[in-house]
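Descriptive structure summary
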Amino acid sequence: MLVRSMVLGILLQCLALFWSGPTCEASSLGMTVHVVPLESSGGETVRAHFTAIAPTPCPALTGLCAEGEDCQVYTTSLPFNGTKPGSGWCVRQWQKTVSSTYSGTITLGTNTEFYVSMNAGPKTREISGSLNHPAYVALPPPLRARVNCPHHFHLSVKDLDGDNVQCRFASADQGECRSCPQHSFIELDGEKCQLTFTGNAPAGQYFIYLMAEDLINVPKISKVTENKPLSAVPVHLSLTVEEASSACSAEPVAIDQTPKEDSTLYVLPYQLEKFTINYESQLESVSEIAVVGPPELFRTGFKSVGSLSAMNIGWVRTKNSLTRVLPICFAANTETLQSEPRCLWLYQKLKCGKTEMTLVLPLTSLSEINLAELQLNSPDCPVKYNSTHLTASISLNGCGTKTVHSGTELVYTNTLQSVRSNTIISREPTLILPLACRIPGLQAKGPHYKVTQPTEKEVFGEVKFWMEFHFPGQGPLSKFTKDPKFRSLSSLPERMRREAETPSGNNSTTNGTTNTNSTDSGAAIGSRIKQLDLHLLSNCSISRAEMVVSNCIESETEDFLVTNPILNQGVPSVEDGQRRPDAITFCQILPLTAQSADSKRLACLPHNFGLGRKPTSAIRQARRETDGVKLGVWQRGGGDEAELQRQTEDF
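Residues numbered from 1 in each chain as written. Predicted model: local features only at pLDDT ≥ 70, side-chain atom pairs only at ≥ 80, totals over all residues. Heavy atoms only, no water.

**Regarding the overall build of the protein chain**
Rules: Elements are defined by DSSP. Helices are runs of H or I of four residues or more, strands are runs of E of two residues or more, and each kind is numbered from the N terminus. Per-residue accessibility, obtained with a 1.4 Å probe over protein chains only, is compared with the maximum for each type, and a residue is labelled buried under 20%, exposed over 50%, and partly exposed between these values. Any pair of residues with heavy atoms lying within 4.5 Å of one another is described as a contacting pair. Note on areas: Shrake-Rupley with a 1.4 Å probe; residue coverage comes only from the protein chains shown.
Each helix and strand in the protein chain was counted, giving four helices and 41 strands. Taken across its 651 residues, the protein chain has 47% of its residues classed as buried. Taking the intrachain contacts of the protein chain between residues at least 6 apart in sequence as the baseline, contacts between residues at least 24 apart amount to 70%. Of the accessible surface of the protein chain, which amounts to about 33000 Å², a share of 51% is contributed by carbon and sulfur atoms.

Quick look at the structure:
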């Protein structure tokens with residue numbers, strides 16, 4: 001009987017954990033990873049900054065970093081912990097260099113194990129040329145709600161590239177989680193990254209697995225139909241649902257000077273940034289203010305008197321290897337209630353404007369420094385101070401500011417330092433504070449459109465080439481061939497083309513006497529033709545567009561195994577051949593001199609140029625017979641001569 005009871009107890013425990021998590025081992029109560037691509041590897045590897053919430057007893061940090069790994073564990077003197085929900089929790093933080101498509105199981109101690117998968121493969125941004133930065137998601141303390149009390153949970157997100165951040169449920173099919181059922185009582189507004197608990201769930205603990213994706217901002221009026229995410233990083237949350245013992249609206253509320261949701265505080269080097277959190281709870285006194293933030297975040301002066309509670313938060317920016325933006329999330333807990341979690345961001349940078357950078361330092365960080373001795377690179381720019389702060393407005397084009405290029409960024413540097421006369425010997429401390437503003441490459445603001453390249457046929461219609469044979473001085477272009485003025489073979493200007501109807505290709509030959517300079521009507525009947533003009537034309541008639549015939553060859557056989565060049569790269573190759581002037585934009589005229597052979601076959605390679613592009617390839621065959629001379633023409637738009645000859649072998 002005792003054994004049966006023990007087995008039943010174990011089964012119930014496993015069923016309860018399966019109901020709330022992926023395995024019969026405790027999952028994390030929350031986890032985020034902030035990814036920084038490494039320029040040294042072209043983004044193939046990243047610096048992953050992990051923050052995980054584990055249930056108590058707090059797990060050891062051993063085993064997170066293997067020997068030889070580029071890894072760092074934060075052993076802070078000010079650990080984050082809380083008593084609600086359940087038996088309590090604590091925060092563990094570390095960073096390590098991993099693959100940009102990292103996935104694996106992470107174990108914290110003996111009671112916490114969770115699976116992590118991210119897709120942050122290198123993406124180069126088209127405008128700036130820099131590597132894309134995946135989105136950052138702030139990790140709130142473990143979430144609490146009550147049965148039959150709907151509740152909204154807003155997730156605070158930040159993207160250094162200014163991309164749009166969206167959230168979605170993780171997918172086991174895509175390898176993003178091992179077992180991650182979507183609970184019917186948890187709804188997600190992906191565009192706002194906001195979770196909604198409907199209240200229709202029994203008491204218990206539930207795990208929520210999300211992926212945060214960054215997408216290029218595209219206006220709703222944009223023609224872009226597909227905007228794929230640039231990256232996806234995991235976000236794990238826990239929600240503890242408790243029995244309701246009071247009205248749903250009785251939760252603690254942030255008041256007074258509590259920082260607003262999603263606000264950003266800019267932190268300068270060695271600056272102390274501090275603020276106070278204030279809550280009011282009418283039904284139950286606040287027992288704790290749960291906080292999750294960066295290492296060495298000070299939390300002091302917690303007080304809870306009646307319905308009011310407060311806590312002081314402070315952080316000093318010292319030399320560190322943390323990310324540029326650092327989230328701080330907090331929530332007030334009572335015995336049965338929790339306030340709406342709220343998050344803000346610390347930004348490790350100067351306030352960099354378009355024309356200047358603004359320096360603001362609290363005097364508490366300069367307690368032993370002689371303020372009168374402080375100056376910038378140029379003494380002409382004043383450094384001001386009052387009873388609480390030191391300030392300076394530093395022009396990016398003055399005040400001794402220097403500009404250097406760093407990859408795709410412009411870096412503006414200056415220095416705030418103590419300056420003394422060389423004749424004065426002093427034992428007082430001095431200050432040397434480097435200042436820098438990083439300005440990324442120009443990013444276009446405004447509508448984004450996906451530009452596609454239409455096909456030749458869509459833009460220009462069906463482009464055709466054809467040939468005509470005429471005696472010199474005759475034909476539709478006789479006014480140009482009667483008294484030719486030869487033109488140079490200089491490079492042609494920029495050209496375009498558009499659709500035009502195909503001119504008629506019906507040709508006729510007038511018999512009569514002819515010679516190279518003759519303008520008579522033709523040659524006598526039965527006489528041998530000495531010369532014909534070959535006109536190569538195209539139906540495209542857009543202004544500023546031209547046709548160029550790059551190569552022409554002749555052969556006495558249909559297989560073109562033996563050929564003689566007539567035109568090579570636009571230069572006449574026959575000794576007695578002369579290039580007649582181009583009569584119109586889309587006509588090339590070449591003189592053909594009959595030799596001893598009774599039959600000639602001719603192959604030419606014309607190109608229609610529009611905006612630097614060639615027309616769709618098309619091979620056409622035309623034949624023309626005159627007294628004593630047989631000519632065959634194979635024409636192909638686009639390609640090279642080798643391809644042309646292979647194509648003609650098929651005829």
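**Side note on the sheet that holds strand S18 (residues 264-267)**
So the rule is basically this: Two strands qualify as a pair provided that DSSP identifies no fewer than 2 bridges between them. Angles here are taken between N-to-C directions and fall from 0 to 180 degrees, while the axes themselves are lines fitted to C-alpha atoms, restricted in helices to the stretch in contact.
Pairing within the open sheet is mixed, and its four strands lie in the order S18-S24-S23-S20. Across the chains shown, the open sheet's two edge strands, defined by having one partner strand only, are S18 and strand S20 (288-292). Averaged over neighbouring strand pairs, the angle between their axes works out to 25° when direction is ignored. With five bridges joining them, S20 and strand S23 (residues 325-333) adopt antiparallel strand pairing. Counted as the bridge partner of Val 291 is Phe 330 from S23.

**Focus: the sheet that holds strand S19 (residues 272-280)**
Across the sheet, four strands lie side by side as S17-S19-S22-S21; this open sheet has antiparallel pairing. Either end of the sheet is taken by a strand with one partner, and the two such strands are strand S17 (253-254) and strand S21 (298-305). Relative to S19, S17 is paired through two bridges, and the arrangement is antiparallel. In the strand pairing of S19, Val 253 is matched with Glu 280.

**Looking at the nonpolar core**
Defined as follows: For this analysis, a nonpolar core means a set of buried residues of the types Ala, Val, Leu, Ile, Met, Phe, Trp, Tyr and Cys, connected via side-chain atoms within 4.5 Å.
If you look at the biggest cluster of nonpolar residues, it comprises 78 residues, and the most contacted ones within it are Phe 50, Phe 197, Leu 239 and Val 291. With seven residues, strand S15 (residues 204-215) is the single largest residue contributor to this core. When residues no more than four places from it in sequence are discounted, the contact partners of Leu 239 are Leu 143, Arg 144, Ala 145, Phe 153, Ile 186, Phe 197, Gly 204, Gln 205, Tyr 206 and Ile 208. Ranked by size, the runner-up nonpolar core spans 24 residues in total, among them Leu 366, Leu 371, Ile 394 and Cys 437.

**Description of the pairing of S23**
Remark: a regular strand shows side chains that alternate across the two faces of the sheet. Counting buried positions along S23 gives nine out of nine residues, so the element sits mostly inside the fold. Judged by which residues are buried, S23 turns out to be covered on both faces: Val 325, Pro 327, Cys 329, Ala 331 and Asn 333 on one side and Leu 326, Ile 328, Phe 330 and Ala 332 on the other are all buried. Inspection of the sheet shows S23 paired to strand S24 (residues 342-348) by six bridges, in the antiparallel sense. Each residue of the ladder has a partner; that of Pro 327, found in S24, is Trp 345.

**Things to note about the packing of aromatic side chains**
Formally: Between 30 and 60 degrees the pair is tilted, below 30 it is stacked and above 60 it is edge-to-face, where a pair is any two Phe, Tyr or Trp rings, Trp via its six-membered ring, whose centres lie within 6.5 Å.
Taken as a whole and judged by the stated rule, the model has five aromatic pairs. On the basis of an interplanar angle of 20° and a centroid distance of 5.7 Å, the ring pair of Tyr 266 and Tyr 347 is categorised as stacked. Here Tyr 266, found in strand S18, pairs with Tyr 347, found in strand S24; they are 81 residues apart in sequence, far enough to count as distant. Residue Tyr 266 is classed as partly exposed on the basis of its relative accessible area, which comes to 32%. Aromatic ring contacts, followed pair by pair, group Phe 50, Trp 94 and Tyr 102 into a single cluster.

**Let's talk about the pairing of strand S6 (residues 103-108)**
The alternating pattern of S6 places Gly 104, Ile 106 and Leu 108 on a buried face, while none of Ser 103, Thr 105 and Thr 107, on the opposite face, is buried. By the bridge criterion, six bridges tie S6 to strand S7 (residues 112-117) in an arrangement that is antiparallel. For Thr 107, the partnering residue across the bridge sits in S7 and is Glu 113.

**Notes on the state of the cysteines**
To keep it simple, the criterion reads: A pair of cysteine sulfur atoms is labelled a disulfide when the two atoms are within 2.5 Å.
Throughout the structure, instances matching the rule amount to seven disulfides. Covalent S-S linkage joins Cys 58 and Cys 90, the inter-sulfur distance amounting to 1.6 Å. An S-S torsion of about 140° defines the bridge between Cys 58 and Cys 90 as right-handed. Highlighted residues: Cys 58 in the loop between strand S2 (45-55) and strand S3 (71-73) and Cys 90 in strand S5 (residues 89-99), separated in sequence by 32 residues. Overall, the relative accessible area of 35% leaves Cys 58 in the partly exposed class. Covalent S-S linkage joins Cys 65 and Cys 71, the inter-sulfur distance amounting to 1.8 Å. Its torsion about the S-S bond being -50°, the disulfide of Cys 65 and Cys 71 is classed as left-handed.

**A closer look at the side chain of Ser 171**
Rules: Polar contacts here mean pairs of N or O atoms no more than 3.5 Å apart (in protein, one a potential hydrogen donor and the other a potential acceptor; neighbouring residues in sequence count only if both atoms are side-chain atoms).
Counting through the fold element by element, Ser 171 comes out in the loop between strand S12 (164-169) and strand S13 (186-189). There is a polar contact of 3.3 Å between the side chain of Ser 171 and the backbone nitrogen of Asp 173.

**Brief notes about unusual backbone geometry**
Look at the link from Thr 56 to Pro 57: it is a cis peptide, with omega at 5°. Mapped onto the elements, Pro 57 comes out in the loop between S2 and S3. In this model, Lys 84 is joined to Pro 85 through a cis peptide bond whose omega is 5°. Along the polypeptide, Pro 85 turns up in the loop between strand S4 (81-82) and S5. The phi angle at Asp 256 is positive, at roughly 55°, despite the residue not being glycine.

**Quick look at the pattern of salt bridges**
Going by this rule: Salt bridge, as used here, is a side-chain nitrogen of Lys or Arg placed within 4 Å of a carboxyl oxygen of Asp or Glu.
Overall, the coordinates contain eight salt bridges when judged by the stated rule. Notably, a salt bridge pairs Arg 47 with Asp 70, separated by 3.1 Å at the nearest N-O pair. One end of the pair, Arg 47, is in strand S2; the other, Asp 70, is in the loop between S2 and S3, and 23 residues separate them in sequence. Through salt bridges with shared partners, one network takes in Arg 125, Asp 161 and Asp 163.

**Here's the deal with the environment of Lys 384**
Within the secondary structure, Lys 384 sits in strand S28 (residues 384-385). Residue classification places Lys 384 among the exposed residues on the basis of a relative accessible area of 55%. Measuring from C-alpha to C-alpha, the distance between Lys 384 and Ala 372 comes to 9.3 Å, with 12 residues separating the pair along the chain. Apart from residues no more than four positions distant in its own chain, Lys 384 is found in contact with His 389, Leu 390 and Thr 391.

**Regarding the confidence of the model for the protein chain**
Where we set the bar: pLDDT expresses how confident the predictor is about each individual residue, on a scale running from 0 to 100.
Of all residues in the protein chain, 70% have pLDDT values of 70 or greater, and the mean over the chain is 75. With pLDDT under 50 throughout, residues 1-25 is counted as low confidence; its partners more than four residues away or in other chains account for 17 contacts. Note that pLDDT drops below 50 for residues 574-586; the model gives that stretch 50 contacts with residues more than four away or on any other chain.

**Some words on the environment of Ser 421**
Within the secondary structure, Ser 421 is located in the loop between strand S31 (409-418) and strand S32 (432-439). Note: C-alpha distance between Ser 421 and Glu 373 (48 residues apart in sequence) is 9.7 Å.

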